[in-house]
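# Fold and geometry: a report
Next come the chains, spelled out residue by residue.
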Amino acid sequence: AHAYTQHRTPSATLRLSVRPQDSKEGITQSEMRREAPKLSKKELLEMVSPTISETKRAMTNIEGIRSVKFIDARVEQSKHLTCLLTEFESNADYGISLVQVYVCPAGDKSIKLTTSYRKSEAPMFKPILKYVWNSLRVR
């Protein structure tokens, strides 16, 4: 989904995907709630390193994006999900955007939510995207 304001490019985007895991014995949400908060920052960064590299590579291949900077990685908990969150800042022809990638293992599937918003329009879009994140649940 894209949201437009006065700019010709999207001011905010949201993408949700659910993909089957290769293994039927993937990490469950109960395991995530129990084990993920125990990870040290170093362990967490090692775990998400492939996601960081993949995201930076994919983003720099998008026309108009000049640079992508990794901001942070952490375990994020909503009302219903425990996920690994990586955050980036992209500098593009149309301005600076903040990007959040939530990866939520759920046993035999993985939920991935990618959100972004123009930094200058954060007061408008950040609460909406946070609301969407908090509303997600696995059945």
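Here's a quick rundown of the structure. (Residues numbered from 1 in each chain as written. Predicted model: local features only at pLDDT ≥ 70, side-chain atom pairs only at ≥ 80, totals over all residues. Heavy atoms only, no water.)

### Focus on the pairing of strand β3 (residues 65-77)
Every other side chain in a regular strand lies on the same face of the sheet, so the side chains alternate between the two faces. Of the strand pairs in this sheet, β3 and strand β4 (residues 82-92) are connected by eleven bridges, and their pairing is antiparallel. In the strand pairing of β4, A73 is matched with T86. Counted along the chain from β3 to the antiparallel partner β4, the turn is four residues long. (Pairing = 2+ DSSP bridges. Helix = DSSP H or I, 4+ residues; strand = E, 2+ residues; numbered from the N terminus.)

### Let's talk about the layout of surface pockets
By volume, the largest pocket amounts to about 700 Å³. Around the largest pocket, the lining is made up of 27 residues, and of these T13, M59, I62, I65 and S116 lie nearest the centre. Looking at the lining of the largest pocket, the elements that each hand over two or more residues are β2 (12-20), α2 (41-60), β5 (95-106) and β6 (109-118). Of the residues assigned to the lining of the largest pocket, the class counts are ten nonpolar, eleven polar and six charged. Computed from the structure, the second largest pocket encloses a volume of approximately 390 Å³. Residue lining of the second largest pocket: 21 residues in total, with T51, L84, V103, P105 and S110 positioned closest to the centre. (1 Å grid on protein atoms, 1.4 Å probe; cavity = no way out; pocket = protein on both sides within 12 Å on 5 of 7 lines; lining within 4 Å. Points joined across faces, edges and corners; volume = space filled by probe spheres on them. Nonpolar A, V, L, I, M, F, W, Y, C, P; charged D, E, K, R; others polar.)

Interpretation note: all reported values are geometric properties and have no functional meaning in isolation.
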